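Here's the letter readout for the chains.
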Amino acid sequence: MTRQMSGAKMIVQALIDQGVDTVFGYPGGAVLPIYDEVFQQNAIRHILVRHEQGAVHAAEGYARATGKPGVVLVTSGPGATNAVTGLTDALMDSIPIIVLTGQVPTFMIGSDAFQEADTVGITRPCTKHNWLVKETDALSGVLHEAFHVATHGRPGPVLVDIPKDVQFATGTYTPPKPSVSHYQPKVKGDMEEITELVAAIEKAKKPVFYTGGGVINSGPAASQLLRELVKSTGFPITSTLMGLGCYPASGENWLGMLGMHGLYQANMAMHDCDLLINIGARFDDRITGRIDAFSPKSTKAHIDIDPSSINKVIKTDIPIVGDVGHVLEDILKVWKSRGRQTNSEALTKWWAQIEEWKKVDCLKFTQKGKIIKPQHALVRLEELTKKYDRYICTEVGQHQMWAAQYLGFEDPNRWMTSGGLGTMGYGFPASIGVQMAHPDALVINVAGEASWLMNMQEMGTAVQYRLPVKQFILNNERLGMVRQWQELLHGERYSQSWSEALPDFVKLADAFGAKGILCSDPDDLDDAIMEMITHDGPVIFDCLVEKHENCFPMIPSGKAHNEMLLGEASTQGVIDSKGSVLV
Amino acid sequence: MSPLKIKKGATSHSAYNLRPTFSDVVERHTLAVLVENEPGVLARVIGLFSGRGYNIDSLTVAEVDHTGHLSRITIVTSGTPQVIEQIKAQLGRIVSVHDVHDLTVEGASVERELAMFKVSGTGEKRVEALRLADIFRASVVDSTLESFIFEITGAPDKIDAFAELMRPLGLTDVARTGVAALSRGE
Ligand SMILES: Cc1cc2nc3c(=O)[nH]c(=O)nc-3n(C[C@H](O)[C@H](O)[C@H](O)COP(=O)(O)OP(=O)(O)OC[C@H]3O[C@@H](n4cnc5c(N)ncnc54)[C@H](O)[C@@H]3O)c2cc1C
Ligand SMILES: Cc1ncc(C[n+]2csc(CCOP(=O)(O)OP(=O)(O)O)c2C)c(N)n1
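A short tour of the structure in this document, coming up.

Notes on the overall build of chain A
Consideration 1: Across its full length, chain A carries 24 helices and 20 strands.
Consideration 2: For 583 residues, the compact-globule estimate of 2.2 N^0.38 gives 25 Å, and chain A sits close to it at 24 Å.
Consideration 3: In chain A, which comprises 583 residues, the share counted as buried stands at 62%.
Consideration 4: In chain A, the proportion of contacts linking residues at least 24 apart, taken out of those at least 6 apart, comes to 76%.
Consideration 5: Counting only carbon and sulfur atoms, one obtains 53% of the accessible surface of chain A, whose full area is about 21,500 Å².

Following this line, the structure appears as structure tokens:
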């Protein structure tokens, strides 16, 4: 049923009709009519962040933890430009979010009006799609289309820019209807290619599943199908940083994460395999290392909903365009109907080889003395929190990699991290978004002190909404990841990679009305972590750790998978001049 | 063969591949892109080319279906087979793009371009310009005592050839529309 109402009211109505329960935002002149409508209703909860970047990351966290799109509302000009980092982050990591921005009235656009910015121009390259709505009658249609585009095909951020006069004017509201959009990406894979892949599965001697964020994007059913396929074929499985949780870390066939800081057995399996089955991953350069030496002996299959991901970096032998869930279902169907065959003799040998690689025990470290090793802090965190209904966020840096290595993820949507853009300052606001979605869960942000400071203003948000997010800061007083690269690449000249003049985090927590915990002694660690978990409210946990610890394993830039560095020994000069221009 | 399978010998080329393992053969392709006729759509297409470092040799755009709000963008681009595949896939994922056709591989097609040339000169050169224009079926659309403006339509090669001939005869200005192209048959 269509109805007449103001543009501002339409926005709230469209959000309600799209099933939105939470909006992260920050008001300003160009969105006042919308905020007036927000004030007059109870269906949607508005979370007032402290910086628009925080709103976008919170919406990303909410989206990743629920599978639903996250929604952001910000004002024109600076409100919109502050959202740009979050939009780019969501684009790189395929996170569905809808950002609504206010704009100066249509008759003032182009006049350098107060707080005018060319928002659709600025955000065109960092959104999946964006719209400037110039007529109130068009508004509801665009808003529904925005939800459709953000959540269909390869998910991503969209932005709708709404001038203030459009918000005030009255127009016709149309409720969502089964999509009339021409944007209908293909979800079913081609049966011919699926059959080709099944035939390859039946013959493979050294197969490996290389899974990624696309499995998570596809939804929990895709993870279930993946588990079934892994279990019934008996093939080993690895995952990217973005795909952690799609297969359980406790699962028998799990090799651990692959890539630059991935596990030895995972990278060696990628290098030596004869059948590489990419399921919803995009051959990122953190994975491939040196392209011409990447998995040289394998037939490569690639399942991806976005045709542009296929053959972008690595030449694919069996390309399958479609949604992971749909394609896995068909693979299982065809494989079963052909008699569930695998080359079990060869697989036994392959597993024997993998067991040899596992013996390298690439994550081993020794905690001795009075200084906490960051790895040890995470091992203890894992031990003490794994039985909880737990969600983990991270910032960006060494701590992020250690979290990926030492924490175990049993289910999808439990791991929120900035992979593609690597945005320091992502984790804290993301944890707020996750906690909003799951009020009773244990939400932990594993952070580095430098990253955490980038959006620390969100302490105000956490305290205001009583969100018991746990900020687990591995404080090495260094921009650790930068320092590690300077050690390996720049002759230990630690240019600007110190975290000087750090705040006293306990006092900082206190100043915000939250709880602060300082821990520097390995013997106190367990009790301190328990204190953090059991405290009913937000906590800043300042964990002082070894300052010059390096993150291993590491495939140096420009090297192949089988040229991994496993530890401190002889790391000097490992990256040649060609490798050092890479990031 | 699936359109995604690229020709053998094509290189896997990324910003991170410092030593391409195959020689890159650059090909020229004409793409027809059917887009929603909405504000910003051209900026999306051009932004894709500049943002990802692809070449645009020529680009034309105009509305072709008024009721359906569709415009046709004809792009002539060049790159290795893999880059061309990427360009098509990247164009295809722009939400306002309805369809992408590679006229260079999808059977025979016809390409036309319109150009205007201003040629200034007197005496022998002026006569010669007029004579050559006649051979190329270029028509005179404006004339002063010291100059002509010729209009010529044809495949881009023909227009290039005409330009070469006019240069020594006093060519002072050129305006070209860029390529419009259609595939042959139904
Ligand atoms: C400091 C740092 C270090 C890093 N080191 C590593 C590392 O060692 N190892 C590592 O793995 N990563 C690492 N990363 C992350 C890395 O940069 C990439 O973000 C990550 O590898 C990409 O993951 P992905 O391939 O799963 O792709 P994503 O970015 O998750 O992309 C998903 C892919 O799946 C497709 N897709 C989406 N939805 C669907 C669907 N429904 N069906 C089918 N396909 C779909 C998309 O089109 C896309 O191609 C690091 C990041 C940082 C910041
Ligand atoms: C916004 C932003 N700026 C700069 C960088 C580059 N960078 C990557 S990791 C890192 C250091 C992070 O330090 P910290 O948060 O303390 O984590 P650590 O590596 O010490 O665990 C920097 C500066 C980035 N990823 N994001």
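Re the side chain of lysine 300 of chain A
Residues and elements named next belong to chain A.
Consideration 1: Assignment of secondary structure puts lysine 300 in strand β13 (residues 299-304).
Consideration 2: This buried residue, lysine 300, is left without a salt bridge; aspartate 317 holds the nearest opposite charge, at 5.3 Å.
Consideration 3: Within the local environment of lysine 300, its side chain forms a polar contact with the side chain of serine 298, the two groups lying 3.2 Å apart.
Consideration 4: The contacts of lysine 300, once residues within four sequence positions are left out, are Leu276, Phe294, Ser295, Ile314, Lys315, Thr316, Asp317 and Ile318.

Re the sheet that holds strand β4 (residues 70-74) of chain A
Residues and elements named next belong to chain A.
Consideration 1: Strand order in this open sheet of six strands is β3-β2-β4-β5-β7-β6, and the pairing throughout is parallel. Strands with a single pairing partner mark the edges of an open sheet, and in this sheet they are β3 (45-48) and β6 (129-132). Mean inter-strand twist for the sheet, computed between neighbouring axes without regard to direction, equals 20 degrees.
Consideration 2: Bridging between strand β2 (residues 22-26) and β3 involves four bridges; their strand directions are parallel. Along β3, the bridge assignment pairs threonine 22 with arginine 45.

As for the sheet that holds strand β16 (residues 415-416) of chain A
Residues and elements named next belong to chain A.
Consideration 1: The strand order across the open sheet built from six strands is β16-β15-β17-β18-β20-β19, with neighbouring strands paired in parallel fashion. Looking at the sheet topology across the chains shown, the edges are occupied by β16 and β19 (515-519).
Consideration 2: Where strand β15 (residues 390-394) and strand β17 (residues 442-448) come together, five bridges link them in parallel fashion. From the neighbouring strand, cysteine 393 faces β17, where its bridge partner is asparagine 445.
Consideration 3: Against the sheet, helix α22 (residues 505-512) makes contact with β18 (470-475), β19 and β20 (539-544), and its axis sits at roughly 170 degrees relative to β19, the strand it touches most.

A look at the environment of glutamate 37 of chain A
Residue and element names in this part refer to chain A.
Consideration 1: Within the secondary structure, glutamate 37 is located in helix α2 (residues 32-39).
Consideration 2: Classification of glutamate 37 as buried rests on a relative accessible area of 14%.
Consideration 3: Remark: the alpha-carbon pair of glutamate 37 and glutamine 13, spanning 24 residues in sequence, is separated by 9.6 Å.
Consideration 4: Those residues within four positions of glutamate 37 in sequence are excluded, and the remaining contacts are Ser6, Ala8, Lys9 and Val12.

Regarding the site of ligand 2
Residues and elements named next belong to chain A.
Consideration 1: Every one of the 17 residues lining ligand 2 counts as a neighbour, but Gln398, His399, Gly422, Ser451 and Gly480 are closest to it.
Consideration 2: In this structure, serine 451 approaches ligand 2 through a side-chain N or O atom, which is 2.6 Å from an oxygen atom.
Consideration 3: Separating an oxygen atom of ligand 2 from a backbone N or O atom of methionine 481 is a distance of 2.9 Å.
Consideration 4: The protein chains hide 76% of the 590 Å² of surface that ligand 2 would expose on its own.
Consideration 5: For the shell around ligand 2, the secondary-structure elements that each account for two or more residues are α17 (398-406), α19 (449-453) and α21 (480-489).
Consideration 6: Grouping the constituent residues of the shell around ligand 2 by class yields seven nonpolar, eight polar and two charged.

Looking at the state of the cysteines
Residues and elements named next belong to chain A.
Consideration 1: Considering all chains together, one arrives at zero disulfides over all chains under this definition.
Consideration 2: Sulfur of cysteine 273: no disulfide; nearest cysteine sulfur belongs to cysteine 246 and is 17 Å away.
Consideration 3: You can call cysteine 273 buried: its relative accessible area is 0%.
Consideration 4: In this structure cysteine 543 is not part of a disulfide, and its nearest cysteine sulfur, from cysteine 519, lies 5.3 Å away.
Consideration 5: Judged by relative accessible area, which is 0%, cysteine 543 ranks as buried.

Section: the pairing of strand β6 (residues 139-143) of chain B
Residue and element names in this part refer to chain B.
Consideration 1: As paired strands, β6 and strand β7 (residues 147-154) are joined by four bridges and run antiparallel to one another. Bridging across to β7, serine 143 finds its partner in phenylalanine 148.
Consideration 2: If you look at the hairpin formed by β6 and β7, you'll find three residues sitting between the two strands.

Quick look at the pairing of β7 of chain B
Each regular strand displays side chains that alternate between the two surfaces of the sheet.
Residues and elements named next belong to chain B.
Consideration 1: In terms of residue burial, β7 counts as a mostly covered element, since six of its eight residues are buried.
Consideration 2: Note that strand β5 (residues 109-120) and β7 share eight bridges and pair antiparallel. The partner of methionine 116 across the bridge, within β7, is glutamate 151.

Section: a nonpolar patch on the surface
Consideration 1: Side chains of Leu114, Met116 and Val141 of chain B sit close together on the surface and give an oily, nonpolar patch of about 220 Å² of accessible area.
Consideration 2: Take methionine 116 of chain B: its relative accessible area is 38%, and that puts it in the partly exposed class.

Overview of the site of ligand 1
Residues and elements named next belong to chain A.
Consideration 1: Not every one of the 37 residues close to ligand 1 is listed here, only the nearest: Gly213, Thr240, His261, Arg282 and Asp304.
Consideration 2: Between leucine 258 and ligand 1, the recorded distance is 2.8 Å, taken from a backbone N or O atom to a nitrogen atom.
Consideration 3: Here an oxygen atom of ligand 1 sits 3.1 Å away from a polar atom, N or O, in the main chain of methionine 260.
Consideration 4: Elements represented by at least two residues in the shell around ligand 1 include exactly α10 (213-218), α13 (285-288) and α17.
Consideration 5: Top element by residues in the shell around ligand 1 is α10. It accounts for four residues.
Consideration 6: Considered class by class, the residues forming the shell around ligand 1 number 13 nonpolar, 17 polar and seven charged.

Focus on unusual backbone geometry
All names here are of chain A.
Consideration 1: Here phenylalanine 552 and proline 553 are connected by a cis peptide whose omega angle stands at -5 degrees.
Consideration 2: Along the chain, the position of proline 553 falls in the loop between β20 and α24 (577-580).
Consideration 3: The phi dihedral of aspartate 112 is positive, around 55 degrees, even though this residue is not glycine.

Quick look at α22 of chain A
All names here are of chain A.
Consideration 1: Buried within α22 we find Phe505, Leu508 and Ala509. Projected down its long axis, α22 carries its buried residues within an arc of 100 degrees, all on one side. For α22, exposure combined with an orientation more than 90 degrees from the buried face picks out Lys507, Asp510 and Ala511.
Consideration 2: Structurally, α22 contributes buried residues whose contacts are with α19, β18, β19 and β20.
Consideration 3: Capping the start of α22, aspartate 504 holds a side-chain oxygen 3.0 Å from the backbone nitrogen of valine 506, two or three residues further along.

Procedures and definitions
Residues numbered from 1 in each chain as written. Chains lettered and ligands numbered in written order. Predicted model: local features only at pLDDT ≥ 70, side-chain atom pairs only at ≥ 80, totals over all residues. Heavy atoms only, no water. Helix = DSSP H or I, 4+ residues; strand = E, 2+ residues; numbered from the N terminus. Rg over C-alpha atoms; globule rule 2.2 N^0.38 Å. Buried < 20%, exposed > 50% of the residue type's maximum accessible area, 1.4 Å probe, protein only. Contact = heavy atoms within 4.5 Å. Areas by Shrake-Rupley, 256 points an atom, 1.4 Å probe, with all protein chains shown as cover. Lys, Arg positive; Asp, Glu negative; His and termini not counted. Salt bridge = Lys/Arg side-chain N within 4 Å of Asp/Glu carboxyl O. Polar contact = N/O pair within 3.5 Å; in protein donor to acceptor, adjacent residues only side chain to side chain. Pairing = 2+ DSSP bridges. Axes fitted to C-alpha atoms, helices over the stretch in contact; angles between N-to-C directions. Near = heavy atom within 4 Å. Nonpolar A, V, L, I, M, F, W, Y, C, P; charged D, E, K, R; others polar. Disulfide = S-S within 2.5 Å. Patch = residues over 30% accessible without salt bridge, like charges linked within 9 Å, V, L, I, M, F, W, Y side chains within 5 Å. Arc of directions from axis to C-beta.

These figures come from the coordinates and say nothing about function on their own.
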